[in-house]
Amino acid sequence: MSRIGVFVCHCGENISATVNCEKVAKITGELKGVEFATDYKYMCSDPGQTLLKEAIKEHKLDGVVVAACSPRMHEPTFRKACAEAGLNPFLCEMSNIREHCSWVHPKDDLTTEKAQDLVRVMVEKVKKNKALNSIKVPVTKTALVVGGGIAGIQAALDIANCGHKVIMVERQPSIGGHMSQLSETFPTLDCSQCILTPRMVEVAQHPNITLHTYSEVESVDGFIGNFKVKIRKKSKSLDEHLCTGCGLCTTKCPQKKIPNEFERGLGFRPAIYVPFPQAVPNKPVIDREHCTYYIKGKCKVCEIVCPTKAIRFDQEDEVIDVAVGAIVMATGFDVLKTDYFPEYGYGKYADVIDGLAFERLASASGPTQGEIRRPSDGQIPKKIVFVACAGSRDPAKGIEYCSKICCMYTAKHAMLYKHKVHDGIPYVFYMDIRAGGKNYEEFVRRTIVEDETQYIRGRVSTIYEKNGKLIVKGADTLMGGIPIEIEADMVVLATFFAEAHPKLKPVETNTAGIFLAGACQAPKDIPESVAAASGAAVKVAALFSNDELTRDPLVAVVNRSAPPVYSQCVGCFLCQSVCPYQAIEREEIKNRNGEVIKTLARVNEGLCQGCGTCVALCRTKAIDIHGYSNQQVYTEIMALLND
Amino acid sequence: MQEFEPKIVAFVCNWCTYAGADLTGTSRIKYSANVKIIRFPCTGRIDFMILMKAFENGADGIIVSGCHPNDCHYSTGNFHARRRWIVFRNLLNFTGIDTERIQFSWVSAAEGFKWADVVNNTVKKIKEIGPYENYNKIAVSTLFNEEGATNE
Ligand SMILES: Cc1cc2nc3c(=O)[nH]c(=O)nc-3n(C[C@H](O)[C@H](O)[C@H](O)COP(=O)(O)OP(=O)(O)OC[C@H]3O[C@@H](n4cnc5c(N)ncnc54)[C@H](O)[C@@H]3O)c2cc1C
């Protein structure tokens with residue numbers, strides 16, 4: 001026989017204005033198994049909770065129903081109060097007689113009757129409730145940071161400085177990301193490398209950070225606090241421990257004409273190379289696609305000249321397994337591919353370049369040592385056109401969003417150009433100028449007023465070459481749409497930003513324990529990327545501040561009667577195919593000789609989120625779910641319909 | 001004669017429709033008191049037996065409501081529910097229950113007004129169809145009649 005307590009809340013007058021609370025308490029107090037029933041003005045208040053706790057002790061209650069507001073509001077409050085009075089919190093249920101009753105119905109007998117029905121349902125349900133214990137899962141206090149751009153660097157340093165271990169995976173031979181390619185940064189025109197390189201070095205030297213460059217995440221398994229990650233370390237054809245980074249190999253390599261990705265194709269590099277002089281780690285990799293030895297089977301000049309014998313032609317990729325508790329995705333962005341802009345001649349005319357290439361031209365360490373020279377003939381362009389929103393905010397191109405940072409970097413480019421080519425004329429075609437940020441609007445103004453940049457509001461329709469000039473055709477919408485034609489020497493497209501999509505096996509961003517940082521989430525400039533990274537780092541640190549995670553135990557369970565061969569589960573594993581969390585595992589039951597006699601499904605409590613889809617699907621009703629078990633649900637239905 | 005007041009059970013998910021019904025309350029939108037809600041984690045949890053149990057116990061109508069497609073808290077539960085409903089419709093026909101007695105809908109946590117509409121429309125519809133009186137027959141007689149399960 002149960003000893004249930006019913007507590008009916010007036011919620012001031014929010015409930016009692018339309019529901020007769022005394023009557024609800026009185027009638028439901030007469031239900032079988034109800035030991036105690038009362039009503040009170042504010043159950044959630046301190047005296048209300050005290051009343052609840054004392055009643056639990058005094059009447060030795062083994063179940064509690066609080067009829068009040070939505071459980072989405074105060075279920076945790078009352079469950080906690082029950083626990084404080086020594087009652088298992090999962091033996092407490094709430095009837096929602098406010099949002100679902102008193103607030104939506106008029107003051108009449110029907111409304112009070114409905115409240116009684118709702119209480120009766122929960123009284124019957126609670127009789128079937130089981131005392132449950134919160135699930136505890138251990139936390140591996142190591143974080144994985146995927147991507148070594150400024151966002152990944154910031155997140156890694158913040159987490160490492162909190163005293164936790166960090167594993168950083170970067171696809172390229174060096175960390176640094178796009179920021180390492182930038183010349184100077186808006187709105188202060190700070191030298192990008194000067195801010196970035198010290199942080200890159202800090203990552204490499206931090207005792208808590210392990211860096212894997214030229215590596216990629218191959219798979220992610222597991223769940224919050226307990227991820228298992230496979231990392232593929234691509235072969236660098238190099239013994240990194242022996243290599244001192246002297247660079248002799250890179251100067252002797254006979255392959256010298258490979259387009260340099262870091263310079264956006266504006267310069268060349270050898271087959272054994274370091275992507276840029278300040279690279280971290282500052283050790284070369286062999287690009288096997290272009291290396292003479294890998295193509296023709298002979299050369300090995302690098303091996304011959306290497307003073308420490310560090311070259312390893314037969315080195316293979318290595319796949320390592322790591323265990324981490326949290327993952328920060330900081331994979332950044334890509335700039336749009338060339339084939340998007342046939343009408344702008346991008347990829348066809350050498351002097352139509354994108355914003356990143358312009359950064360390289362403007363960079364003191366770039367292919368022209370910072371002089372703005374056009375790629376085709378090395379001439380200094382006297383008229384240069386910047387096309388903002390190239391591809392962004394253009395449903396025809398399939399990209400409806402604003403890339404956000406292009407307004408700012410275009411203004412920066414025009415300004416840098418004018419600072420370097422005093423007699424040149426920069427033009428900017430734009431749609432709107434979006435410069436919301438500290439000192440951003442002032443920066444754009446300076447570009448227009450002090451650096452005399454011609455801002456034309458309108459889109460460019462086409463660009464073609466004529467007599468060594470690029471003819472840029474567009475319209476000026478502020479002048480009534482009059483056609484504009486500019487004979488330019490060079491064109492820079494502010495191509496849009498595409499967030500890089502993380503290659504993750506299970507569910508992506510809605511997976512607990514996986515956080516996003518930087519431009520992989522949405523277009524962001526450096527300050528925003530850094531802020532987001534620190535935000536993600538705090539989340540990770542908060543997660544790591546406990547040795548264990550506690551979770552509600554409202555998860556699925558497979559009936560596993562002893563001996564388990566008698567389980568209702570027939571091992572069809574339909575449940576496995578519908579589980580969104582890969583929480584269903586296989587459990588083999590063996591006899592004494594070690595032979596498998598039955599295979600059962602087993603729910604991994606750490607992974608299960610308690611949706612119950614497997615329960616509905618199970619053909620033999622072998623799976624059930626705590627808190628919403630078949631028995632509980634049927635009882636609720638019966639109680640609701642039979643008064 | 002007293003007007004027929006149907007008994008309607010609503011099976012809703014915790015994350016969207018339950019919260020949507022909470023919003024109906026917070027916004028003080030009035031609706032008919034015939035409908036009573038039973039909360040589930042997800043519509044994906046709701047199987048045929050649950051619906052049959054409701055009819056067996058005298059429900060005149062049922063509402064099943066969860067998150068909109070692609071908004072499921074558990075990513076795919078509502079798709080399973082939808083697919084199951086398509087199959088279940090045939091079974092309902094087979095047992096001789098008017099499929100109109102079950103209303104399937106998506107109500108998000110922001111759709112307080114929609115929840116009131118769903119309830120009121122269902123009540124109206126069930127009033128037109130009339131009470132469901134064969135409930136004591138469905139559990140045994142229809143599914144396992146002597147001729148072997150045919151739907152005559
Ligand atoms: C032309 C141009 C000019 C700009 N000028 C400025 C400026 O003046 N001021 C300013 O504030 N901002 C500027 N920005 C924006 C700035 O570049 C970004 O805000 C910043 O680089 C974002 O950093 P991030 O770390 O999020 O991404 P990224 O810099 O893109 O770094 C991502 C890193 O992740 C790595 N990665 C990607 N995928 C994987 C994977 N699967 N596995 C492992 N590693 C991976 C990449 O190799 C890269 O190293 C400019 C951008 C452009 C395009």
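Computed from a predicted structure; not experimentally measured. (Residues numbered from 1 in each chain as written. Chains lettered and ligands numbered in written order. Predicted model: local features only at pLDDT ≥ 70, side-chain atom pairs only at ≥ 80, totals over all residues. Heavy atoms only, no water.)

## Considering the environment of B:E100
Residues and elements named next belong to chain B.
Line of reasoning, step 1. Checked against the element boundaries, E100 lands in the loop between helix 3 (77-95) and strand 4 (102-106).
Line of reasoning, step 2. Residue E100 is classed as partly exposed on the basis of its relative accessible area of 35%.
Line of reasoning, step 3. Taking the C-alpha atoms as reference points, E100 and A59, separated by 41 residues in sequence, lie 13 Å from one another.
Line of reasoning, step 4. The contacts of E100, once residues within four sequence positions are left out, are K125, I126 and I129.
Line of reasoning, step 5. Here K125 takes part through its side chain, which lies 3.5 Å from a polar atom of the side chain of E100. (Helix = DSSP H or I, 4+ residues; strand = E, 2+ residues; numbered from the N terminus. Buried < 20%, exposed > 50% of the residue type's maximum accessible area, 1.4 Å probe, protein only. Contact = heavy atoms within 4.5 Å. Polar contact = N/O pair within 3.5 Å; in protein donor to acceptor, adjacent residues only side chain to side chain.)

## Some words on the nonpolar core
Residue and element names in this part refer to chain A.
Line of reasoning, step 1. Grouped together as the largest cluster of nonpolar side chains are 71 residues, with contacts concentrated most on I153, V328, V540, I584 and I623.
Line of reasoning, step 2. Element by element, the count of residues in this core is highest for helix 6 (residues 150-161), at eight residues.
Line of reasoning, step 3. Excluding anything up to four places from it in sequence, V540 contacts A143, I159, A326, V328 and F515.
Line of reasoning, step 4. C21, F78, C82 and I97 belong to the second-largest nonpolar core, a separate cluster that totals 39 residues. (Core = buried A, V, L, I, M, F, W, Y, C linked by side-chain atoms within 4.5 Å.)

## Observations concerning the domain arrangement of chain A
Many structure descriptions define interface size as the accessible area lost when the parts assemble.
All names here are of chain A.
Line of reasoning, step 1. You can read the domains of chain A as domain 1 (4-133), domain 2 (142-332 + 500-517), domain 3 (333-499) and domain 4 (556-625).
Line of reasoning, step 2. Measuring from the centre of the C-alpha atoms in domain 2 to the corresponding centre in domain 3 gives 31 Å.
Line of reasoning, step 3. Across the boundary between the two partners, domain 2 contributes 18 residues, which contact 28 residues of domain 3.
Line of reasoning, step 4. When domain 2 packs against domain 3, the two sides together hide about 2100 Å² of surface, and 63% of this comes from carbon and sulfur.
Line of reasoning, step 5. When the buried surface of domain 2 facing domain 3 is broken down by residue, F186, R264 and L266 rank first, second and third, together holding 32% of it. (Domains from an automatic or database assignment. Buried area = accessible area lost by both parts, 1.4 Å probe.)

## Let's talk about the confidence of the model for chain B
Detailed reading of the predicted coordinates is not advisable wherever pLDDT falls low.
All names here are of chain B.
Line of reasoning, step 1. Scored by pLDDT, chain B comes out at a mean of 87, with 88% of its residues at no less than 70.
Line of reasoning, step 2. Per-element confidence in chain B is highest for strand 1 (residues 8-13), whose mean pLDDT is 97, and lowest for helix 5 (residues 135-142), whose mean pLDDT is 57.
Line of reasoning, step 3. pLDDT under 50 marks residues 141-152. Its contacts with residues more than four places away, or in other chains, come to 13 contacts.
Line of reasoning, step 4. Among the scores for the predicted complex, ipTM is 0.91 and pTM is 0.75. (pLDDT = per-residue confidence, 0-100.)

## Section: the pattern of salt bridges
Line of reasoning, step 1. Per the counting criterion, the structure on display carries 44 salt bridges over all chains.
Line of reasoning, step 2. For A:E585, the salt bridge is made with A:R602, and the minimal N-O distance between the two is 3.7 Å. Taken together, the residues A:E585 in strand 32 (residues 584-590) and A:R602 in strand 33 (residues 596-603) connect sequence positions 17 residues apart.
Line of reasoning, step 3. Residue class for A:E585 comes out partly exposed when judged on its relative accessible area of 27%.
Line of reasoning, step 4. Bridged by salt links that share partners, the residues A:E75, A:R79, A:E93, A:K125, A:E636 and B:R39 form one connected network. (Salt bridge = Lys/Arg side-chain N within 4 Å of Asp/Glu carboxyl O.)

## Some details on a nonpolar patch on the surface
Line of reasoning, step 1. Together, A:V565, A:Y566 and A:I597 make up an exposed nonpolar region whose accessible area comes to about 310 Å².
Line of reasoning, step 2. Here A:I597 lies in strand 33. (Patch = residues over 30% accessible without salt bridge, like charges linked within 9 Å, V, L, I, M, F, W, Y side chains within 5 Å. Areas by Shrake-Rupley, 256 points an atom, 1.4 Å probe, with all protein chains shown as cover.)

## Observations concerning the sheet that holds strand 7 (residues 165-169) of chain A
Residues and elements named next belong to chain A.
Line of reasoning, step 1. The sheet built from five strands is open, its strands ordered 10-7-6-18-29 with parallel pairing. Two strands lie at the open edges of the sheet, namely strand 10 (209-212) and strand 29 (514-516), each paired on one side alone. Shown here is a sheet whose adjacent strand axes are inclined to one another by a mean of 20 degrees, direction ignored.
Line of reasoning, step 2. Pairing between strand 6 (residues 142-146) and strand 18 (residues 326-329): four bridges, direction parallel. By the bridge assignment, V146 is partnered in strand 18 with M329. (Pairing = 2+ DSSP bridges. Axes fitted to C-alpha atoms, helices over the stretch in contact; angles between N-to-C directions.)

## Quick word on helix 1 (residues 21-29) of chain A
All names here are of chain A.
Line of reasoning, step 1. Those residues of helix 1 that fall on the buried side of the exposure criterion are C21, V24, A25 and T28. Considered in projection along helix 1, the buried side chains sweep an arc of 95 degrees and stay on one side of the axis.
Line of reasoning, step 2. At the N-terminal boundary of helix 1, the capping side chain belongs to N20, with an oxygen 3.4 Å from the backbone nitrogen of E22. (Arc of directions from axis to C-beta.)

## Notes on the site of the ligand
Residue and element names in this part refer to chain A.
Line of reasoning, step 1. The full set close to the ligand counts 35 residues, and E170, H178, K412, K524 and I526 are the nearest of them.
Line of reasoning, step 2. In the environment of the ligand, an oxygen atom lies 2.5 Å from a nitrogen or oxygen atom belonging to the side chain of E170.
Line of reasoning, step 3. Contact distances for the ligand include 2.7 Å between an oxygen atom and a side-chain N or O atom of H178.
Line of reasoning, step 4. When the ligand sits alone it has 1000 Å² of accessible area, and the protein chains cover 96% of it.
Line of reasoning, step 5. Mapped onto the shell around the ligand, the elements with two or more residues apiece are helix 6, strand 8 (184-185), helix 11 (355-362), helix 12 (406-420) and helix 14 (526-544).
Line of reasoning, step 6. Of the residues in the shell around the ligand, the class split is 16 nonpolar, 12 polar and seven charged.
Line of reasoning, step 7. Counting the residues that make up the shell around the ligand, at least three belong to each of domain 2 (142-332 + 500-517) and domain 3 (333-499). (Near = heavy atom within 4 Å. Nonpolar A, V, L, I, M, F, W, Y, C, P; charged D, E, K, R; others polar.)

## Some remarks on helix 1 (residues 17-26) of chain B
Residues spaced three or four apart along an α-helix point in a common direction, a consequence of the helix completing one turn every 3.6 residues.
Line of reasoning, step 1. Judged by how many residues are buried, helix 1 of chain B sits mostly within the fold: eight of 10 residues are covered.
Line of reasoning, step 2. Looking one or two places after helix 1 of chain B, you find B:R28, whose phi comes out positive at around 55 degrees.

## A word on the state of the cysteines
All names here are of chain A.
Line of reasoning, step 1. Here the structure, examined in full by the defined rule, presents two disulfides over all chains.
Line of reasoning, step 2. Covalent S-S linkage joins C191 and C194, the inter-sulfur distance amounting to 2.4 Å. Looking down the S-S bond of the C191 and C194 bridge, the torsion is 85 degrees, so its handedness is right-handed.
Line of reasoning, step 3. Judged by relative accessible area, C191 falls into the partly exposed class, the value being 29%. (Disulfide = S-S within 2.5 Å.)

## Some remarks on the pairing of strand 26 (residues 482-488) of chain A
All names here are of chain A.
Line of reasoning, step 1. As judged from the seven bridges shared by strand 25 (residues 469-476) and strand 26, these two strands associate in the antiparallel manner. Looking at the pairing, L470 lines up with A488 of strand 26.
Line of reasoning, step 2. Connecting strand 25 to the antiparallel partner strand 26 that follows it, the hairpin turn spans five residues, and G480 within it adopts a positive phi of roughly 75 degrees.

## A short note on the side chain of A:K233
Residues and elements named next belong to chain A.
Line of reasoning, step 1. Relative to the assigned elements, K233 resides in strand 12 (residues 226-233).
Line of reasoning, step 2. Of the side chains with opposite charge, E240 comes closest to the buried, unpaired K233, at an N-O distance of 4.8 Å.
Line of reasoning, step 3. Each residue touching K233, except ones within four places of it in the same chain, is listed here: H212, Y214, S215, D317, E318 and I320. (Lys, Arg positive; Asp, Glu negative; His and termini not counted.)

## Looking at the packing of aromatic side chains
Residue and element names in this part refer to chain B.
Line of reasoning, step 1. Across all of its chains, the model carries 16 aromatic pairs over all chains by this definition.
Line of reasoning, step 2. Ring centres of F11 and F40 lie 5.5 Å apart, and the angle between their planes is 85 degrees; on these two criteria the pair is classed as edge-to-face. Residue F11 is found in strand 1, and its partner F40 is found in strand 2 (residues 35-40); the two are separated by 29 residues along the sequence.
Line of reasoning, step 3. Summarising the aromatic geometry, the rings of W85 and F88 are spaced 6.4 Å apart at their centres and angled 50 degrees between planes, so their arrangement reads as tilted. Here W85 pairs with F88, and both are found in helix 3, just three residues apart, close to one helical turn.
Line of reasoning, step 4. Overall, the relative accessible area of 13% leaves W85 in the buried class.
Line of reasoning, step 5. Three or more aromatic residues joined by ring pairs form one cluster here, namely F48, W85, F88, F104 and W106. (Phe/Tyr/Trp six-rings, centres within 6.5 Å; stacked < 30°, edge-to-face > 60°.)

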